[in-house]
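# Observations on chain architecture
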Amino acid sequence: SQDSATHSLHPLKFEKTFQPRKPSPSLIMMKGAIYTSFHSPITTSTTLPIPPIPPDGALIAIRATGVCRSDWHGWKGHDGDVRHFFQTHGPPFVPGHEASGVIVRLGSDLAAKQSSSSSSLRVGDRVAIPFILSCGTCRECLPPRNRPTICERQHQPGFTRWGTFAEYCAVSRAERNLREIPEGVSFVEAAALGCRFGTAFRAVLQQGRLLDGAERNGNGKEKEGQTHLFENREKYFSNYNGTIQKTVAVFGCGGLGLSCVAIASAFGAANIIAVDISPAALEKANELGATHTVQSPLLQPIPLWNDDNIAENNVYQQIMQFTEGMGVDLAIDAGGFEQTCLDALWTCRRGGTVVQVGLPSKTIAMPMARVAGREITVVGSHGFSSVEDDSGVSALDAILELVKCGKLEPAKLVDREVTLEEGVQALMDMDKGSPLGMVMITDFGPGVGAGAGADEITSRL
C-alpha cells in the first residue's frame, strides 16, 4: 500500500542542544534500535546510554511506539534532519517518533516548578508525545500567526534527536508539548495519534477544512456560508451523526491514508473514495468507512497527462464516474508518490482543495495551468499541534478528547503489536512496501535498563 507521512526533506534550523551521551559505567543503559549509516542494517543494542534530559524536558519510559514510513525515509537518508544529525553528532541514531509512555524524570527546570506546584507535569504521568515539539517563541509560533506545526526551531524525536525505538526517550519542551493520556485511552491508542492519526486529523479537518461551508442533512444544523471547523465547537465535539455533502478522495491507503479515511467517515463525509494499488488496503478502507474504492495500476512512469488524454487515466475515469463528472471536493495525497500526487490534482473539482500530506521523495511537475484555471487550492499539511494554533484549538487535546468519547477509534488502524526486534524488521521491510495498517512496538524485552524506576534513574543519570 501507499503511505508516507510528512517530514522535511530539507533540514530545519538544526538543534545543537542534543548531545548523545557516550557509554560510561556510571550510567544506566537502555535497550534500543540503532543504525550507524544510511541503508545499513538496523540492529538492537542493550548498551545505549539514556540520552540527557533537557532542563525544560522529561524522560519518558516508552510503552508503545509506531513503525512509520517517515522512519524509513530517515533510515534511507531522504530526511535532511537525520542527515544533519549524522553530520553534527555522528552515529549511532535511534529512529521512531510515534509514541506514548510514562514520565520517569523531569528536567531540572520542570523539577523546580514541580516542587513549587507550578508544573502541569508529574513523574508517573501517562503522556502522549507529539513528533513536533514546537518552541513557542519563534515568528511562526507567536501571534498573530500561531502556526506551531511549522515552528522555525522545532525539535523532532527520531529526526533532530534520538527517537522512540528505545526503552526511554528524552523529550524537550515537555510542558508545552506533552499531554496527559485520559483515563480509558490506552498507550497504543495514544501512540497511534503521535504521527499518522494526528497528521490525518490536521490534513482532513484543519488544512482540508472538511466542515467549512458544509451542507448538512439529517438532524444536524449548519450556519450559512463558510464557517471554520472550530468556530462552532459544538458541531466538532458533539455526537451528531448527520452527513456532510462533500466527496473526499484519499490517494494511498497505508496507515496515514487509512487514518484520513477513518476521520472523514467519523465526521460524516457523504462520499469517501479510497485509492490504492493493494486490494487488502482497499478492503481495510471499506471497513473504516470508504464508500467507493479504486484500485490504481502499479506505480510506473507517469505519462504527461493533459486535457486531451487524461480520460485514459483509469483512476480519473472511475472517480469522474463516481462524481458524475464533477470531481471531488477534497483530494488528499497520503502516498507521496508522483502518481498519487497527480491523480489527486487531476480529480479535484473546480474550486476544490488538494492537500499534500504524503511526503514526496522527489520533485514533481504539476499542471499549474489547471490549478489556476479551475481555482483549485493546493495546501501542504505537516503534522499537528499540541498547543492552540491558528484554528483556535490544540489538535492533540481535541483528538484525545474525541478518542475518549469514542468518536475517533485509532485502535482500528493498528494491525499488530510487536517486539522491538519485529518492529525493526517491519521498518526494513518497507523496502518492499508499507504494511497494512499500523505496526506498534509494545515489547522491548529484557534490556539492561528494563524495569528501572524513577529512583534508580535519578540516582544514576
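So, a few notes on the structure that sits alongside this text. (Residues numbered from 1 in each chain as written. Predicted model: local features only at pLDDT ≥ 70, side-chain atom pairs only at ≥ 80, totals over all residues. Heavy atoms only, no water.)

## Observations regarding the overall build of the protein
The condition that has to hold: Comment: elements are numbered from the N terminus, with helices defined as DSSP H or I runs of at least four residues and strands as E runs of at least two. The classification of residues rests on relative accessible area computed with a 1.4 Å probe and restricted to protein chains. Under 20% of the type maximum is buried, over 50% is exposed, and intermediate values are partly exposed. Contacts are residue-level and defined by heavy atoms, with any inter-residue pair within 4.5 Å sufficient. Values of accessible area rely on a 1.4 Å probe in the Shrake-Rupley scheme; residue burial ignores everything except the protein chains shown.
The helix and strand inventory of the protein stands at 14 helices and 16 strands. The buried share among the 461 residues of the protein stands at 60%. By sequence separation, contacts in the protein at least 24 residues apart represent 74% of the contacts at least 6 residues apart. For the protein, the computed accessible surface area is about 17700 Å², with 48% contributed by carbon and sulfur atoms.

## Notes on unusual backbone geometry
Each neighbour pair has its own omega, and for Pro91 with Pro92 the value is 0°, a cis peptide bond. Position of Pro92 relative to the elements: it lies in the loop between helix H2 (80-89) and strand S4 (98-106). Despite not being glycine, His39 shows a phi value in the positive range, around 75°. Residue position: His39 is located in the loop between strand S1 (29-34) and strand S2 (43-49).

## As for the packing of helix H7 (residues 255-266) against helix H8 (residues 279-288)
Worth spelling out the cut-off: Axis definition: a line fit to C-alpha positions, over the contact stretch in the case of helices; interaxial angles, taken between N-to-C directions, run 0 to 180 degrees. Note that the term roughly parallel is reserved for angles under 35 degrees, roughly antiparallel for angles over 145, roughly perpendicular for angles of 65 to 115, and oblique for everything else. Working rule for handedness: look at the near helix, and if it is turned counterclockwise from the far one by less than a right angle, call the crossing left-handed; if clockwise, right-handed.
Close contact between H7 and H8 brings their axes to 9 Å; oriented N to C, the two are set at 20°. Looking at the two axes, H7 sits roughly parallel to H8. Along this stretch, H7 crosses H8, giving a crossing that reads as right-handed. Contact with H7, carried on its side by Leu258, Val261, Ala262 and Ser265, involves Ala281, Lys284, Ala285 and Leu288 of H8 and no other residues of that element.

## Observations regarding the side chain of Ser45
Using the following cut-off: Definition of a polar contact: a pair of N or O atoms within 3.5 Å, with one able to donate and the other able to accept a hydrogen when the atoms are protein atoms, and with sequence-neighbouring residues admitted only if both atoms are side-chain atoms.
Tracing the sequence through the fold places Ser45 in strand S2. Of the polar contacts made by the side chain of Ser45, one reaches the backbone nitrogen of Thr47; its length is 3.1 Å. Apart from the residues lying within four places of it in its own chain, the contact partners of Ser45 are Met30, Lys31, Gly32 and Ile34.

None of the figures reported here should be taken as evidence of function without further support.
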